[in-house]
Amino acid sequence: MRIGELAAAVGVTPRAVRHYHHLGLLPEPERRANGYRDYTLRHMVVLARIRRLTELGLGLAEVRDVLADDAGRELVEVLGELDEDLARQEDEIRERRGRLRVLMEEARAGRLPAEGPVSPELAALFGKFGPAPHSPMAAKDREVFALLETTATPEVRAEMLAGLENMMSVPGAVERAHEAYALLDALADAAPDDPRVAEAARVLADLIPPEMVPQGTGLDLDDSGGDGGTGSFLRAFYADFAPAQAEAIRRTLRILREDRP
């Protein structure tokens, strides 16, 4: 039979057959005197097996391993690994759908943060801060927390969330946070040596527990030093603020670093 007939019989395309030839999965058939390939029943059997294995989710490299072992021992091993991988994917999909359901419920209730989607834990902590009306700095603060939650390691993320929880458990924390936002907003058009910079830094340092800036986030260093990746991140971080605001944050982080045990 010719390549089109073989492909149609097995339910694949002639292009796929040629690709399997190229990868060495399907042996090349003998050619007739006119130059056309002459496929046999054996080619159909092998091609059908390739199709079944790929439909199970095996990659073509894994299919090659299976086909190379006529006894089937390799097939059992590969199928076992595939089953474990599919089980992990099922767990991940269930977890993601659970998070999606929570986000949908929050959105319907009008409680989804503007920075979302974020984790339910961070969304709940944002809710505890209460509204900070018309505060650009409050919006930036939430954006940074959302960024860190996305990019930090699981350990650093857990420390950040625990630090926020501890900070919010202190009486008057919400009011002091709003005071800090107001001080920083007022520095939007100020010079870095404005006396209010030191005041804003003190208020922030009194509000934020030292563990809120753990080792490994990159925010415990100045942007003038550190490794290339950390320095680049910090330059981008500080560049997002007005000069006086950036200086207040630098001073705050220095105070927290000095207070860290």
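Here the structure is a predicted model, which is why all the values come from computation and not from measurement. (Residues numbered from 1 in each chain as written. Predicted model: local features only at pLDDT ≥ 70, side-chain atom pairs only at ≥ 80, totals over all residues. Heavy atoms only, no water.)

Chemist: Quick question: what am I supposed to make of the packing of aromatic side chains here?
Modeler: Aromatic rings considered in pairs are described by the distance between their centres and by the relative angle of their planes. Under the counting rule described, the total for this entry stands at two aromatic pairs. When the ring of F237 is compared with that of Y238, the centres are 5.2 Å apart and the planes differ by 65°; the resulting orientation is edge-to-face. Looking at Y238, the relative accessible area reads 4%, which means it is buried. Between F237 and F241 the ring centres are 5.3 Å apart and the planes differ by 70°, which places this aromatic pair in the edge-to-face class. Its relative accessible area of 10% is what places F241 among the buried residues. Put simply, the rings of F237, Y238 and F241 pair up and form one aromatic cluster. Sitting over the face of the ring of F126, R142 holds its NZ or CZ atom 4.5 Å from the ring centroid. The cationic tip of R250 hangs over the ring face of Y238; the distance from NZ or CZ to the ring centre is 4.3 Å. (Phe/Tyr/Trp six-rings, centres within 6.5 Å; stacked < 30°, edge-to-face > 60°. Buried < 20%, exposed > 50% of the residue type's maximum accessible area, 1.4 Å probe, protein only. Lys NZ or Arg CZ within 6 Å of the ring centre and 35° of its normal.)

Chemist: Just checking my understanding: could you explain the packing of helix α7 (residues 136-151) against helix α8 (residues 154-169) for this structure?
Modeler: The description of two helices packed together rests on the angle between their axes and the distance between the axes. As a packed pair, α7 and α8 sit with axes 9 Å apart at the nearest point and diverge in direction by 145°. Note on element contacts: α8 touches α7 through R157, M160 and L164, opposite F145, L148 and E149. (Axes fitted to C-alpha atoms, helices over the stretch in contact; angles between N-to-C directions. Helix = DSSP H or I, 4+ residues; strand = E, 2+ residues; numbered from the N terminus. Contact = heavy atoms within 4.5 Å.)

Chemist: Teacher, can you tell me more about helix α6 (residues 120-129) here?
Modeler: Since the α-helix packs 3.6 residues into each turn, any two residues three or four apart lie on the same face. If you check which residues of α6 are buried, you get L122, L125, F126 and F129. All buried residues of α6 project into a common sector of 105° when viewed along the axis, lining one side. (Arc of directions from axis to C-beta.)

Chemist: Explanation requested: helix α2 (residues 14-23) in the structure shown.
Modeler: Residues of α2 that are buried include every one of A16, V17, Y20 and H21, and no others. All buried residues of α2 lie within an arc of 145° about the axis, which places them on one face of the element. More than 90 degrees from the buried face of α2, the exposed residues found are R15 and H22. Elements that come into contact with the buried residues of α2 comprise α1 (3-10), β2 (37-38), α3 (41-55) and α4 (60-68). Just beyond α2, the residue with positive phi is G24, at close to 85°.

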